[in-house]
Each structure stands twice: as C-alpha cells, then as structure tokens.
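# Commentary on secondary and tertiary structure
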Amino acid sequence: MNGLLACFYMAVFTYMINNNESVNNDYISSVSFCKKSDKSNCIEDISTVDVNKPCLLCLGGERTHLKEILDEYYLSPLTSLMDRSNLRGKVTVCGALYDFKKNENSSELIFNPYRARKQLFHEHKRLNNGSELSGLTDDECNPRYVEQLYDCFIKNRICDDDGKKLAVDVAKKNIRSLVIYAHCHGSYSALKLEELMQKKMKNIGYSKQERAEIQSQLLVVNQVPACPLGISKSMFLSFCCVQDYNVNHNNYFQAVCQMPDKYKLNTPFSYFEQSKGNFFLIPNVLSDSDSINPHSFGIRPDRNMNRHAFTAISMANNAIVRALKNSLNQNEDLPDVKDLVCRNKKDKIFFEKVKYAGERLWDNVVYLARTRHDTVKKMGLSEAKAQDIDYSNLIIETQQCER
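Residues numbered from 1 in each chain as written. Predicted model: local features only at pLDDT ≥ 70, side-chain atom pairs only at ≥ 80, totals over all residues. Heavy atoms only, no water.

## A short note on the overall build of the protein
Stated formally: The helix count covers DSSP runs of H or I at least four residues long, the strand count covers runs of E at least two residues long, and both are numbered beginning at the N terminus. Only protein chains enter the area calculation, which uses a 1.4 Å probe; residues under 20% of their type maximum are buried, those over 50% are exposed, and those in between are partly exposed. Surface accessibility in these figures is a Shrake-Rupley result with a 1.4 Å probe; residues are shielded only by whichever protein chains are displayed.
Secondary structure summary: the protein contains 16 helices and 9 strands in total. Within the span of the protein, comprising 403 residues, buried residues form 52% of the whole. Looking at the protein as shown, the accessible area adds up to about 19100 Å², and 48% of this sits on carbon and sulfur atoms.

## Here we look at helix α8 (residues 185-204)
Going by this rule: Working rule for helices: expected span equals 1.5 Å times residues minus one.
Between its first and last C-alpha atoms α8 spans 29 Å; for 20 residues at 1.5 Å apiece the expected length is 28 Å, and the two agree. Across the 20 residues that make up α8, a large majority, 14, are buried. One or two steps after α8, the chain reaches Gly205, where phi turns positive at roughly 125°.

## With respect to the side chain of Lys172
This is how it is decided: Should any heavy atoms of two residues lie within 4.5 Å, those residues are counted as being in contact.
Checked against the element boundaries, Lys172 lands in helix α7 (residues 168-176). Given the relative accessible area of 12%, Lys172 is considered buried. In contact with Lys172, not counting residues within four places along its chain, are Glu213, Ile214, Gln217 and Asp333.

## Focus on the nonpolar core
The line we're drawing: Residues grouped as a nonpolar core are buried Ala, Val, Leu, Ile, Met, Phe, Trp, Tyr and Cys residues, joined through side-chain atoms within 4.5 Å.
Core analysis: the biggest nonpolar cluster contains 48 residues, and Met82, Phe280 and Ile320 have the highest contact counts within it. Per element, the largest residue contribution to this core is 10 residues, and it comes from helix α12 (residues 307-328). In contact with Ile320, other than residues within four places in its own chain, are Leu56, Leu78, Leu81, Met82, Tyr181, Val221 and Ile299. Residues Ala96, Ala190, Tyr206 and Cys227 belong to the second largest nonpolar core, which totals 39 residues.

## Overview of the pattern of salt bridges
When charged atoms on two side chains of opposite charge get close, those side chains can pair. Cut-off, in case you're wondering: In what follows, salt bridge is the name for a side-chain nitrogen of Lys or Arg lying within 4 Å of a carboxyl oxygen of Asp or Glu.
Within the structure shown, the criterion is met by 14 salt bridges. Between Glu210 and Lys165 there is a salt bridge, with its nearest N and O atoms 3.0 Å apart. Residue Glu210 is located in helix α9 (residues 208-215), and its partner Lys165 is located in the loop between α6 (155-158) and α7; the two are separated by 45 residues in the primary sequence. As a salt-bridge pair, Lys348 and Asp339 come within 3.6 Å of each other at their nearest N and O atoms.

## Brief notes about the pairing of strand β9 (residues 279-282)
Threshold: By this definition, two strands are paired if DSSP reports at least two bridges between them.
In β9, alternate side chains face the same way, and those of Phe279 and Leu281 on one face and Phe280 and Ile282 on the other are all buried. Pairing of strand β7 (residues 235-241) with β9, which is carried by 4 bridges, proceeds in the parallel orientation. Bridge assignment links Ser238 to a residue of β9, and that residue is Phe279. Both strand β8 (residues 270-272) and β9 contribute to a ladder of 3 bridges, which runs antiparallel. The residue bridging Phe272 from the neighbouring strand is Phe279, located in β9. Count of turn residues in the β8/β9 antiparallel hairpin: 6 residues, of which Gly277 carries a positive phi of about 125°.

## Quick look at the packing of α8 against α9
For any two helices packed against each other, one specifies the inter-axial angle together with the distance between the axes. The criterion, for reference: What counts as an axis is a line fitted to C-alpha atoms, over the stretch in contact for a helix, and the angles between N-to-C directions run from 0 to 180 degrees. Orientation is classified from the angle alone, with under 35 degrees giving roughly parallel, over 145 giving roughly antiparallel, 65 to 115 giving roughly perpendicular, and any other angle giving oblique. Left-handed describes a crossing whose near helix is turned anticlockwise from the far helix by less than a right angle; the clockwise case is right-handed. For this classification, Asp, Glu, Lys and Arg are treated as charged, while Ala, Val, Leu, Ile, Met, Phe, Trp, Tyr, Cys and Pro are nonpolar and the rest, including Gly, are polar.
Orientation of α8 relative to α9, taken along the N-to-C sense of each, is 140°, at an axis distance of 10 Å. Judged by the inter-axis angle, α8 sits oblique to α9. You can see that α8 and α9 cross each other, and the crossing is right-handed. For the pair formed by α8 and α9, the contact residues are Glu194, Met197, Gln198, Met201 and Lys202 on the first element and Arg211, Ile214 and Gln215 on the second. When its residues are assigned to classes, the contact of α8 with α9 shows 3 nonpolar, 2 polar and 3 charged.

## Points about the packing of helix α5 (residues 145-153) against α8
Running from N to C, α5 and α8 point in directions that differ by 65°, and their axes come no closer than 9 Å. The element α5 and its partner α8 pack so that their crossing is right-handed. Judged by residue contacts, Tyr145, Val146, Glu147, Leu149 and Tyr150 of α5 engage His185, Ser189, Lys192, Leu193, Leu196, Met197, Lys200 and Ile204 from α8. Among the residues making up the contact of α5 with α8, the classes are represented as 8 nonpolar, 2 polar and 3 charged.

Structure, rendered in structure tokens:
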C-alpha cells in the first residue's frame with residue numbers, strides 16, 4: 001500500500017509540473033521579520049538583530065504568512081525550549097513571514113501547494129544535469145526575499161559598516177551565534193541563503209578556505225527539508241521520515257525505502273553522515289498512522305507520535321540548544337553532529353547504533369541498485385520489466401554474508 005501511495009503522489013506531482021495547471025507562477029516574494037519578546041509572549045516586528053547576541057531564526061513552511069501561524073507552530077515552541085534550557089532572554093528568537101503576491105501593488109496572497117516540491121525537483125535537476133525545470137519563474141528558483149534574509153541576519157556578521165571583510169575568527173564567531181531552524185520550504189530558503197552568502201563573501205574578499213571555515217560555523221537544523229541533501233557547506237543537519245510523501249527526492253534510495261514490502265528491506269531509525277546527506281531517517285512518525293501527517297512534525301511533539309519521532313525531535317532540540325550555548329563561549333568552534341544531538345553517554349551509544357544502521361541500509365540499497373543495473377544490462381530488459389524483478393533474496397543473502 002505504501003508503495004502504491006508513493007507512486008500515486010509522484011504521478012500527480014509530475015503531471016502538475018508537466019502541465020503546469022491550476023498554478024499561478026506570476027508572483028513576487030518578500031519577507032518581514034518579527035521576534036518573541038524576551039519578557040512576555042508578545043510578537044514584535046524587527047528589521048535587524050543584535051550581532052553580539054545569539055539568534056535563533058525560524059524559516060517555516062511557505063504558508064507561514066501570519067504572525068499567529070509563525071507563533072503557534074514555531075516561535076512559541078522554540079521559546080518554550082529556550083525557557084527549559086535557561087536561555088530565555090539570552091537568545092533572540094525570531095522568524096520570517098513570507099509574502100507571495102501577484103505584484104508589488106497587489107494585496108492578494110498566492111499559495112501554491114506545489115511550490116516547495118517544484119523547487120526541490122528543480123534543484124535536483126539542476127544539480128544532476130545542469131538543466132532547469134520548465135514552468136518556474138526566476139523568483140521560484142531564487143526567491144527575492146533571500147536578499148532580505150542576508151541583509152538582516154548575515155551581512156553585519158561578515159563585514160563592517162564600510163563593507164570590508166572582518167578578521168576570519170571574528171566572522172566565524174558572528175556566524176556561530178546564528179542558528180537556523182527550518183521546516184520544508186524553509187530549508188530551501190536556508191540553502192539559497194547559503195549560496196548568496198558564499199557569493200557575497202567572495203565579493204568582499206574572503207579566500208576559498210576562509211569562506212569554508214566561516215560557512216562551517218552556521219548550523220541549520222532542518223525537519224522534513226524540501227531541498228537536496230549533502231550539498232550544503234554549512235552544518236546542515238536534517239531529520240526526515242520515510243513515509244513523508246510531501247517531499248520527494250525522486251531517487252532510487254527513497255523509492256526503495258518507501259516500498260519495503262516489495263524489496264523486503266527493513267528501514268530502521270538511521271543516521272547518514274555528511275557524504276550521504278547528514279540526515280537522520282525515521283520509519284514513521286505516528287503510533288496511529290491516520291491521526292497526523294508525517295510531514296508536519298516539528299519542535300513540539302504530539303502525543304500520537306511514536307518513540308522514533310520523539311527521539312528525532314529531542315535530537316533536533318538538543319542540537320539547537322547545544323549550538324546556542326556553545327555560541328555563548330566564543331572560543332569554541334561548532335561541535336560535530338554527535339556532540340550536538342547527544343546529551344550524555346546513553347545518547348552517544350544510541351547515536352552509534354543509528355549510525356551503524358544507516359551504514360548497513362545504505363550499503364544494502366547500493367547493492368540492490370548495482371544488482372538491478374547489472375541484471376537489466378545483461379538481460380536487455382526494458383525499464384518496465386526491470387520493475388518486476390524481485391531482488392529481496394539477494395539483499396537477505398548479502399546481510400547474512402556481512403554477519
């Protein structure tokens with residue numbers, strides 16, 4: 001059933017892209033910013049932030065256009081996290097409000113339910129073969145509001161008032177004091193912000209090595225990210241769910257994981273290191289599969305979520321808190337993934353287990369892909385016939401040999 005659902009969602013999505021129906025691409029994008037008050041639950045508009053104070057920036061899904069939405073789903077849960085971690089008042093908790101309009105003089109907001117998926121599809125296509133997805137506007141590929149994000153949160157951290165480069169250690173310290181939490185479309189925004197940051201640093205005069213050192217100090221914690229994984233130069237740490245059909249990377253790894261019955265491949269809670277995307281993968285979010293959308297889990301756990309989801313949320317929260325506390329000690333670089341998500345020895349043991357599970361899952365999928373490729377090549381099968389081959393016994397034999 002899961003495999004059929006995956007095929008259905010992908011077919012509908014591909015149809016919408018190819019036919020470009022019921023989607024209005026004629027719009028411009030902008031953002032405004034607001035923060036949670038340090039002393040109350042009020043929301044305050046802002047145009048800049050204090051570089052000398054740690055900042056937690058939230059980039060939500062594309063429907064984050066009202067303060068009420070930003071507060072309910074992101075700012076309030078993150079502020080509660082700051083309270084529990086004794087960071088309230090020491091950290092600026094803020095977020096972006098998206099504004100997608102037909103034109104600069106229009107007051108009508110445009111919500112495109114396929115925007116995030118189209119942007120994800122476009123980026124994979126651009127990275128894989130250098131081509132672009134037709135039907136996307138320039139603003140969809142490179143949102144104009146990314147420049148606003150840069151001006152408000154990045155610019156003063158990497159250059160002085162005259163636009164001159166800062167000492168590398170100072171720039172690293174400044175960037176380390178910014179932590180980004182991103183959800184779905186927000187992850188695409190964060191990736192585009194990184195691209196712009198790299199261009200700006202190059203223009204300012206930072207060397208390639210200096211740019212790499214500075215960029216590595218930016219932590220972006222992503223949940224169900226709608227962007228390619230493994231290409232970021234930042235600490236781009238992601239949490240994904242196998243049964244989240246809203247985000248489709250259109251690759252063989254995801255296809256196999258979403259069809260376990262066909263491939264007889266177990267998908268445990270796993271971690272994949274930087275070279276494979278730097279992400280945690282959980283099988284599902286829910287105890288009751290019909291009660292909540294796997295794409296919607298975030299900072300605050302729901303009582304219907306299973307232990308995998310609770311653990312993933314806990315790890316994401318640990319990473320945010322650890323990075324912010326680390327930024328208060330300006331002499332230390334950003335910790336590695338293990339130290340970010342783990343609080344104690346028990347957590348570190350669990351981390352090693354999910355890392356090992358990720359290595360085994362990755363090797364099994366790679367083996368399956370190679371077997372499939374060799375079989376198709378030797379037998380001269382068409383792609384349609386290749387789909388009918390059962391490789392499960394070969395995977396099981398591989399697992400037994402490894403033991």
